[in-house]
Number of protein chains: 2
Amino acid sequence: MPITKTLTATLLLATLSAPAVAHEEEEEAGHSKAIDYRNSVMTVLKWNIGPMGKMVKGETPFDKAAFARHAKDLNAAAHLDLLPGFPEDSDEGEDTAARSDIWMEWEDFVEKYRTLKKAASELAETASSGGLEAIKPKFGAVGKACKSCHDAFKD
Amino acid sequence: MPITKTLTATLLLATLSAPAVAHEEEEEAGHSKAIDYRNSVMTVLKWNIGPMGKMVKGETPFDKAAFARHAKDLNAAAHLDLLPGFPEDSDEGEDTAARSDIWMEWEDFVEKYRTLKKAASELAETASSGGLEAIKPKFGAVGKACKSCHDAFKD
């Protein structure tokens, strides 16, 4: 290939790839923010599930007011708009354990999250009035919803 | 000191300091969890404030439904039980920018957080019905509440 043609091709490639690189960097920054957001929502969920789990298992005494507060906050966190925290193919990097299956089976993923919302809502309602025995199966349903989604979509 | 006395003293010291060390480790683990939790709540706040700010500044077009959703989630996150995320003297380590002033001026800290809750609640209410002009001062009040607390209590 003559030198001018090579030069033209190189310049053309540079012109074409500059926005492509910029786009890639922007996408990566967006994914990193989204991963941070969804991990934060999960941290808030765990912060509340932990002490409730201990009370349900009898590891700490049942404190009705504290339980109800945690159930309320779990429900609030579960109802945050989480799906924008999972932009397509944001399963790269050490900060996430998300599997690519999420985007291949998006409907199932959404459905599983809907199940958590429903379970969290029922737990909050029960915890605001009922005792530990009424709470136990509702808390179990929350745990089941977490596990079902993690088993399918989390490394 | 005779050897038996030294031995007794050493054993006594070991007995006394073992629980002290265990307590310290436990406290550190508790602080680390609390820091992770409060940082997560802040991340959720920022996740929602960011896009609203861009709309208010005209950097992105005003999308009423999107704004209302972010305002709703901001309000939900602001009403999470955040104070247990600030156990006394949990201002150590690179993961937190909290100042020790928080615990020296606890009432002021709590009051400032209450101001954020109120501002977030008013923003969510306005955003659910009003347009951008009605929203602007309410969003401004949220920003002011954030800044007032960060200025006083965040490095």
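Residues numbered from 1 in each chain as written. Chains lettered and ligands numbered in written order. Predicted model: local features only at pLDDT ≥ 70, side-chain atom pairs only at ≥ 80, totals over all residues. Heavy atoms only, no water.

**Re the pattern of salt bridges**
Pairing between side chains of opposite charge can happen when the charged atoms of each approach one another. Residue and element names in this part refer to chain A. For clarity, the threshold we go by: A side-chain nitrogen of Lys or Arg and a carboxyl oxygen of Asp or Glu constitute a salt bridge if their distance falls within 4 Å. Elements are defined by DSSP. Helices are runs of H or I of four residues or more, strands are runs of E of two residues or more, and each kind is numbered from the N terminus.
Applying the stated criterion across every chain, the model contains 16 salt bridges over all chains. In this structure, K112 and D108 form a salt bridge, with 3.1 Å as the shortest nitrogen-oxygen distance. With K112 and D108 both in helix 4 (residues 106-129), this residue pair falls four residues apart, about one helical turn. Each of the salt bridges in this network shares a partner with another, and the network as a whole consists of K118, E122 and K138.

**Structural notes on the relation of the copies chain A and chain B**
Mapping between the two copies of the chain is achieved by a rotation about an axis and a shift along the axis. Put simply, the test is: Residues below a pLDDT of 70 in either copy are left out; the C-alpha atoms of the rest, at least 70 in both, set the least-squares superposition of the copies. Note on definitions: a residue-residue contact is assigned when non-hydrogen atoms from the two residues lie within 4.5 Å.
Rotating chain A by 180 degrees about the axis while translating it 0.0 Å along that axis superimposes it on chain B, leaving an RMSD of 0.1 Å. Such a turn and shift between the copies fits a two-fold axis. Closest to the rotation axis within chain A is the C-alpha of S40(A), separated from it by 2.2 Å. Here 100% of the interface residues in chain A have copies in chain B that are interface residues too; the copies meet face to matching face.

**Comments concerning the environment of V41(A)**
For V41(A), the location among the structural elements is in helix 1 (residues 3-56). Sequence-wise, V41(A) and D81(A) are 40 residues apart; in three dimensions their C-alpha atoms are separated by 9.7 Å. Each residue touching V41(A), except ones within four places of it in the same chain, is listed here: A77(A), L80(A), L82(A), Y113(A) and V44(B).

**With respect to the interface of chain A and chain B**
Let me state the cut-off plainly: Two parts placed together each lose some accessible area; with a 1.4 Å probe, that loss summed over both constitutes the buried area. In the analysis that follows, any N or O atom pair within 3.5 Å is treated as a polar contact, provided that within protein one partner can donate a hydrogen and the other can accept it, and provided that, for residues neighboring in sequence, both atoms belong to side chains. Just so you know the grouping, Ala, Val, Leu, Ile, Met, Phe, Trp, Tyr, Cys and Pro go in nonpolar, Asp, Glu, Lys and Arg go in charged, and all remaining residues, Gly too, go in polar.
Each partner contributes residues to the interface: chain A has 18 residues there, and chain B has 18 residues. Here chain A and chain B share an interface that buries about 1,500 Å² over both sides, 69% of which is from carbon and sulfur atoms. Sorting the residues of chain A by area buried against chain B places Y37(A), W47(A) and L80(A) first, and these three jointly supply 39% of that buried surface. At the boundary of chain A and chain B, one finds two salt bridges. The salt bridge partner of D81(B) is R69(A), with a shortest N-O separation of 3.3 Å. Taken together, the links from chain A to chain B amount to four residue pairs in polar contact (both at pLDDT 80 or more). Here the side of chain A that touches chain B takes nine residues from helix 1 of chain A, the largest share from any one element. Looking at the side of chain A that touches chain B, its residues break down into eight nonpolar, four polar and six charged.

**Concerning the nonpolar core**
Short version of the rule: We define a nonpolar core as any set of buried Ala, Val, Leu, Ile, Met, Phe, Trp, Tyr and Cys residues linked to one another through side-chain atoms lying within 4.5 Å. Residue burial is assigned from relative accessible area. The probe radius is 1.4 Å, only protein chains are included, and a residue is buried under 20% of its type maximum, exposed over 50%, and partly exposed in between.
Membership of the largest hydrophobic core comes to 74 residues, with the highest contact counts inside it found for V41(A), F67(A), L116(A), L123(A), F67(B), L116(B) and L123(B). Filtering out sequence-adjacent residues up to four positions away, L123(B) remains in contact with M52(B), F67(B), A71(B), L74(B), I135(B), K138(B), F139(B) and V142(B).

**Concerning the side chain of N48(A)**
Residue and element names in this part refer to chain A. The topology assignment puts N48 in helix 1. By relative accessible area, N48 is classed as buried at 1%. Separated by 2.9 Å, the side chain of N48 and the backbone oxygen of V44 make a polar contact. Within the local environment of N48, its side chain forms a polar contact with the side chain of H70, the two groups lying 2.8 Å apart. Other than its neighbours up to four places away in sequence, N48 contacts H70, D73 and L74.

**A word on the packing of aromatic side chains**
This is how the line gets drawn: We call Phe, Tyr and Trp rings a pair once their centres come within 6.5 Å, taking the six-membered ring for Trp, and we label the pair stacked below 30 degrees between planes, edge-to-face above 60, and tilted otherwise.
This structure, assessed with the given rule, holds twelve aromatic pairs over all chains. Aromatic side chains W47(A) and Y37(B) sit 4.1 Å apart centroid to centroid with 5 degrees between the ring planes, which places their arrangement in the stacked category. Within this pair, whereas W47(A) is found in helix 1, its partner Y37(B) is found in helix 1 (residues 3-56), the two belonging to separate chains. Note on F62(B) and F67(B): the rings are 5.8 Å apart at their centroids and 55 degrees apart in plane angle, and the pair reads as tilted. Through pairs of rings, three or more aromatic residues link up here, namely F86(A), W106(A), F109(A) and F153(A).

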